[in-house]
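Here is what each chain is made of, one letter per residue.
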Amino acid sequence: MSSMTSRRDAAPLSAFDIDRRAALKLLASGMALSLASCGKPPEEIVPYVDQPERVVPGIPLKFATTLDMAGYGRGVIVTSVEGRPIKVEGNPRHSASLGATDVFAEASVLSLYDPDRSKAPRGPKGIASWDAFGDALRTQMEKEKKRQGAGLRLVSGRMTSPTLLRQINALLKAFPQARWYRYEPISDDNEREGAVMAFGRPLTTLPRIGEASVALSLDDDFLGAGPRQIANGRAFISARRAENDPDRFLRLYAAEPALSLTGANADHWLAIRPELIRNLAIAISAILRGEKPNAPLPPAAQRFATVAAADLKSKTGKAIVTAGRTQPPDVHALCHTINGMLHAPIDYIEPVDPAGKHGEALHAFADDLSNNRVETLLILDRNPVYDAPHELGFNGLFPKLPFSAHLGLYDDETAAICHWHLPLSHTLESWSDLRAHDGTASIVQPLIRPLYDTRTAHQVIALISGALSPSSYDLVRETWQPQAGGDFESWWRQVLHDGVIAETRHVAVSAQPKAVDIKPAPNPTEAVLVLAPDPSIWDGRDANNAWLQECPKPLSKETWGNTLSISPRDAQQLGCQTGDVVALTRKNAKVEAVVRVDANQADSVYATTLGHGRRKAGAIGNGIGFDVYPLRAIDEPWLIGGVTIAKTGKSRDIPTTQGQFRLEGETTEFLPRVSLAALAAGLKGPPFAEEPKPTLYPPVHNDDPYAWAMVIDTAACIGCNACVIACQAENNVPVVGPDQILRSRVMHWLRVDTYTDANGGIQGFQPVPCMHCEHAPCEPVCPVAASVHDREGLNVQVYNRCIGTRFCQSNCPYKVRRFNWFGYADDEEYANLGEPPIKAQHNPDVTVRARGVMEKCTYCVQRISRARREAEKENRTIKDGEVVTACQAACPTRAISFGNLKDTGAHVNALRQHKQHYELLGHLGTRPRTTYLARLTNPNPDFDEAKS
Amino acid sequence: MPQIFRPSADSIARVLLVSILVGPFVLIGIGYAVTQSPYITGQNITMKQPVPFSHAHHAGDLAIDCRYCHAGVEKSAFAGLPPTTTCMTCHSQLYTNEPMLAPVRQSLAERRPIHWQRVHRLPDYVYFDHSIHIAKGIGCTTCHGPVQTMPLMRQHETLTMGWCLSCHRDPTPYLRPENQVFNSDWKPAADQLKQGKKLLAHYLIDTKHLTDCSTCHR
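Given the structure is predicted, the values throughout are model-derived calculations rather than measurements. (Residues numbered from 1 in each chain as written. Chains lettered and ligands numbered in written order. Predicted model: local features only at pLDDT ≥ 70, side-chain atom pairs only at ≥ 80, totals over all residues.)

**Quick look at the overall build of chain B**
Line of reasoning, step 1. The helix and strand inventory of chain B stands at 12 helices and 1 strand.
Line of reasoning, step 2. Taken from the N to the C terminus, the helices and strands of chain B come in the order α-α-α-α-α-α-β-α-α-α-α-α-α.
Line of reasoning, step 3. By the compact-globule yardstick of 17 Å for 218 residues, chain B is too spread out, its C-alpha radius of gyration being 25 Å.
Line of reasoning, step 4. Projected onto its principal axes, the C-alpha coordinates of chain B cover approximately 95 × 50 × 35 Å.
Line of reasoning, step 5. Here chain B, with 218 residues, has 21% of them falling under the buried criterion. (Helix = DSSP H or I, 4+ residues; strand = E, 2+ residues; numbered from the N terminus. Rg over C-alpha atoms; globule rule 2.2 N^0.38 Å. Buried ≥ 20, exposed ≤ 12 C-beta atoms within 10 Å, placed from the backbone.)

Structure representation (structure tokens):
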């Protein structure tokens, strides 16, 4: 960043002390150079020596593979251009993808080409080779063999790969004294222990949200980022379709200490202290049993409990209660009991990540370390020095080990204090296998040969077991050979093609929850810090991904870092406002955090996200945000008490992409919310469809067979941002960096606006791409006709004509045009994004825009063009559904529809006749081609103070 | 008091007056000529290639079909250059010791691709697709010129945007019947304009979209 800032903020010319003669000399040499450089630099064509079958240069290939999200697999289909993977899309056959993606899947291609990735092993004496590591390892393993592995410790994250599990189990058999610890900073320990309390075994709960009519989330952010987001989002919205019988339309209640995506999508939301959620659950279970609730609760929560419980009871068999990871095990157990009472549509499955609590594992590992029981330590792609609670003191214990090796993508905090750092192959470079959250297994197949001298975890485990040159491919095939039956080769080909192994989903088991005895909590007195995974970078592992860092957080729209959100009352008491820096202190740990005042928050609750403040993430992630892991305790990973907060007097600007100013009444006009009842009564008045007003504009003549249009269903948008990153990946949208965002310069072609009511309550999400107005205000103001319409109704931006007057941007009422103030993608990239590997990610079908050029959403014109050419070669027109825009393909809830208005059978035509249909700023007469369906809510009429 | 202007000043004034009127046009004309000149367009310039491949020999004398080497031309945007193995289908038998072909043999032996110099080059913001032109009856030699007569490959046309548009506005003079697309010796028929109209209908070409910016620029 520093180099870029210095270039941009260069001192004015006068500071250079140039006299007239020198200036003329420079002018002359400049002219001479510019004349001399007129000719195009030569370009080469380099054909193959032996062209592989199937490869036709210029035609992209697609392969099914699996990406890893916190240990769980998600099936994807990756587009490869001349051997370079450039775009990830969902695999419809895979239960954790359902054809859609999330931000993490979309951004994984950027991680693959990250210039900061480790490229070679590093030994105790600097850069080393794998052979050198092999020698060192062999010596060490000789010793371990003698003591049956008593000093051997393996640390990994969540492990669902059948092959890796097979390998590690074999290793542990060979070294019976060795230990293997699994640790994820974002674990489901509470959920597991709750299941043990209720069922006697650690069953995993898979709610069938799609079948529910009422759901209550007790601080369970099931729509938020995570391995289940796509599946949950799809199910949630499928239960909330206007076509549904109003009685079947899912109503969601959420009780949370701080607003989450789930809360933002709920019909009724309650801000409540996290400790009191237990009392809420007790009260609900009492009401369901027909008893009088007696757990202490504030009046609002009592009312919430009464109404929600009555609603849940009335929909027995179609009602679900879920509890989140912040809640202690007995609340989870109580939820199971309640769900038992409600005959809730839930599948219980045996856990996919085999038994064991991650917190306990970490404890045991720390215990081993401090008692000097560890001689040989191998860390598989985890970073405990950064993300384990600092009270364990790993920082001091690691350097004392006789032999430690860290396998990972980056030379990170943990790698820095290990003897060996081994570069790991990216998932897109590896053979492996993974299971999804529901047990569905699929193969990870490489899209590209490892870019650097890297190995997979399979190879490293095999090295430890004594293999000389192990191949991941053979290891994975060995695992599945017995499962395939007779003809393995054709089974294998089918599995690779489908991207999913049939019938591997874990079968639901029948389980009857026991009644649990749970005591209400007293009214808490002291403030509590609530932690959550970051919606962009999860637990910090994706901190060096610039797309994710710049992806606006769904609710606060902040980018590049995290903030500490506090309620307005607490802010007033503290005397601080948004942007002030406060010091959080707990025991010996102190963290300086930037405050963001948020109305959607319980009082005496401080909330923030994990994963920031990395020290050795790389050029993108270093020093972004603040690190709250030091405040975390092994026994209280999510709700942290005993935290004191104090002002520091410092303040900092928060780079946000929305919310710099507001218009009164904007929400009702721009993002109308209608209740099911109002929809049934019929929607009248603006912004809903009226008779077209008289206009002086000439009618739009268009005898082309196509008129492209998009309809976005805001009722289905859960605000996950997958479309934003999908657009960025597809369209070579550059990253601008935090300094530019602070100047309100953002490049995302598609943004997701959030709207709030007068009290700051989130009213919903509205993805805003270019409207492709039929009477586009940007067009008449362009002096060089760089903004023009094509015959298919696309408002196109001709980059090679654009001279950068920005008139179009000023005249665009939707503010969707983006200007390259600097060469964000053209020689003035943020941080290390200009380095050669990054260029390999670029989509060759889309121009990389230069400095001084305006750009905006094109409706993925490259995809339309490809479809048109294919159709024209076959002498037919493009069929409905043949062109899928990048945002549409990514959307987990299928909120975005795209198609041809000239095709009477097209889905967009049906949607444009929909009752909820409206145009954004339609009264301006722009006749936008992108239109919306109004947000739909299902409030409970029994609620007086419904969250409006 | 002497005269300020000599008689010759009249002539100077006349020349100046004329050049004020004519000069801008001349300058514009020169500028246009420069942009259309081979210096800018690269027209008719032959480049030094690692192997002096002769289209005249292969496509002309031997009449090898264009698609034998440019195999992607019907499917892909990029016509494709032959992999070394394609050259070696013949040259493992013919001219096996020819010094001219040493780079080809070396490429196969060392598994290193041959680095050809690109002859027909469009700016990065132009997205040309060979396959659609082939499918719609535009023959190879229409844009690439009589390659069957070229001992060394050169760019026969200017490849300027105006040149592209001249055909995109009205392709009738250039359209060929389906079986003539790869015929290097095709000549327009005497009633080409009439034939072209028929072919326009046959290929279902909608010329209105052909001049949209988004057709070539993305």
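**Some words on the overall build of chain A**
Line of reasoning, step 1. When helices and strands are counted, chain A shows 29 helices and 38 strands.
Line of reasoning, step 2. Dimensions of chain A, computed from the C-alpha atoms along their principal axes, are close to 80 × 70 × 70 Å.
Line of reasoning, step 3. Taking the contacts inside chain A whose residues are at least 6 apart along the sequence as the reference set, 74% of them involve residues at least 24 apart. (Contact = placed C-beta atoms within 7 Å.)

**Focus on the domain arrangement of chain B**
Line of reasoning, step 1. On domain assignment, one finds that chain B holds domain 1 (8-36) and domain 2 (72-81 + 119-216).
Line of reasoning, step 2. Of note, the centres of domain 1 of chain B and domain 2 of chain B, computed from C-alpha atoms alone, are 39 Å apart. (Domains from an automatic or database assignment.)

**Some thoughts on the environment of Glu829 of chain A**
Residues and elements named next belong to chain A.
Line of reasoning, step 1. As for its placement among the helices and strands, Glu829 is situated in the loop between strand E33 (818-819) and helix H26 (836-839).
Line of reasoning, step 2. The class for Glu829 is buried, based on 21 C-beta atoms found within 10 Å.
Line of reasoning, step 3. As for Glu829 and Gln512, which are separated by 317 residues in sequence, their C-alpha atoms are 58 Å apart.
Line of reasoning, step 4. Setting aside anything within four residues of it in sequence, one finds Glu829 in contact with Pro734, Tyr824 and Gly834.

**Looking at the domain arrangement of chain A**
Residues and elements named next belong to chain A.
Line of reasoning, step 1. When its domains are assigned, chain A resolves into domain 1 (26-174 + 367-484), domain 2 (189-349), domain 3 (528-651) and domain 4 (666-773 + 859-937).
Line of reasoning, step 2. Taken together, the contact pairs 15 residues of domain 2 with 14 residues of domain 4.
Line of reasoning, step 3. At the level of secondary structure, the elements contributing two or more residues to the side of domain 2 that touches domain 4 comprise helix H7 (229-238) and helix H8 (261-264).
Line of reasoning, step 4. Considered class by class, the residues forming the side of domain 2 that touches domain 4 number 9 nonpolar, 3 polar and 3 charged. (Nonpolar A, V, L, I, M, F, W, Y, C, P; charged D, E, K, R; others polar.)

**Focus on the interface of chain A and chain B**
Line of reasoning, step 1. Contacts between the two partners involve 35 residues from chain A and, on the opposite side, 37 residues from chain B.
Line of reasoning, step 2. At the level of secondary structure, the elements contributing two or more residues to the side of chain A that touches chain B comprise strand E1 (44-45) and helix H27 (861-873) of chain A.
Line of reasoning, step 3. With 6 residues, the single largest contributor to the side of chain A that touches chain B is H27 of chain A.
Line of reasoning, step 4. Residue classes in the side of chain A that touches chain B are distributed as 16 nonpolar, 8 polar and 11 charged.
Line of reasoning, step 5. Summarising the sheet, E1 of chain A and strand E1 (residues 116-117) of chain B pair through 2 bridges and their orientation is antiparallel. Bridge pairing in E1 of chain B links Ile45 of chain A to Trp116 of chain B. (Pairing = 2+ DSSP bridges.)

**Points about the environment of Gly263 of chain A**
Residues and elements named next belong to chain A.
Line of reasoning, step 1. In this fold, Gly263 is placed in helix H8.
Line of reasoning, step 2. Taking the C-beta count within 10 Å as the criterion, Gly263 has 28 such neighbours and is therefore assigned buried.
Line of reasoning, step 3. Separated by 46 residues in the primary sequence, Gly263 and Ser217 place their C-alpha atoms 8.3 Å from one another.
Line of reasoning, step 4. Setting aside residues no more than four positions away along its own chain, Gly263 makes contact with Ala254, Glu256 and Trp269.

**Regarding the pairing of strand E28 (residues 708-713) of chain A**
All names here are of chain A.
Line of reasoning, step 1. In terms of residue burial, E28 counts as a mostly covered element, since 6 of its 6 residues are buried.
Line of reasoning, step 2. What you see with E28 is no split at all: Trp708, Met710 and Ile712 on one side and Ala709, Val711 and Asp713 on the other are buried throughout.
Line of reasoning, step 3. Looking at chain direction, E28 and strand E35 (residues 896-900) are connected through 5 bridges and run antiparallel. Of the residues in E35, the one forming a bridge with Ile712 is Ile896.

**Side note on the sheet that holds strand E36 (residues 917-918) of chain A**
Line of reasoning, step 1. If you walk across this open sheet you meet the 4 strands as E35-E28-E37-E36 (chain A), and the pairing is mixed. Edge strands, defined here as strands with exactly one partner in the open sheet, are E35 and E36 of chain A.

**As for the sheet that holds strand E4 (residues 84-90) of chain A**
Residues and elements named next belong to chain A.
Line of reasoning, step 1. Strand order in the open sheet formed by 3 strands is E2-E3-E4, with antiparallel pairing between adjacent strands. With partners counted over all chains shown, the strands left at the sheet margins are strand E2 (61-69) and E4, one partner each. Strand-to-strand twist across the sheet, computed as the mean angle between neighbouring axes with direction ignored, equals 40 degrees.
Line of reasoning, step 2. As judged from the 9 bridges shared by E2 and strand E3 (residues 72-81), these two strands associate in the antiparallel manner. Along E3, the bridge assignment pairs Leu61 with Ser80.
Line of reasoning, step 3. On the sheet, helix H3 (residues 103-112) packs against E2, E3 and E4 and is oriented at approximately 170 degrees with respect to E4. (Axes fitted to C-alpha atoms, helices over the stretch in contact; angles between N-to-C directions.)

**A word on helix H4 (residues 130-146) of chain A**
Residue and element names in this part refer to chain A.
Line of reasoning, step 1. Taking 1.5 Å per residue, 17 residues should reach 24 Å; H4 reaches 24 Å between its end C-alpha atoms and fits that length.
Line of reasoning, step 2. Of all the residues in H4, the buried ones are Phe133, Leu137, Gln140, Met141 and Glu144. Projection of H4 onto a plane perpendicular to its axis shows the buried side chains occupying an angular sector of 105 degrees, all on one side. For H4, exposure combined with an orientation more than 90 degrees from the buried face picks out Asp131, Asp135, Thr139, Glu142 and Lys146.
Line of reasoning, step 3. Residues of H4 that are buried in the fold lie against strand E5 (122-123), strand E7 (152-156), strand E15 (376-380), strand E16 (403-408), strand E17 (420-423) and helix H16 (457-464).
Line of reasoning, step 4. Immediately beyond the C-terminal end of H4, within one or two residues, lies Gln148, with a positive phi of roughly 55 degrees. (Expected span 1.5 Å × (residues − 1). Arc of directions from axis to C-beta.)

**A short note on the confidence of the model for chain A**
For residues with low pLDDT, the predicted coordinates do not support detailed interpretation.
All names here are of chain A.
Line of reasoning, step 1. With 96% of its residues at a pLDDT of 70 or more, chain A shows a mean pLDDT of 91.
Line of reasoning, step 2. Predicted confidence in chain A is weakest over helix H1 (residues 2-8), with a mean pLDDT of 43, and strongest over E17, with 97.
Line of reasoning, step 3. This model gives residues 1-15 a pLDDT under 50, and the stretch forms 8 contacts once residues within four places in sequence are excluded. (pLDDT = per-residue confidence, 0-100.)

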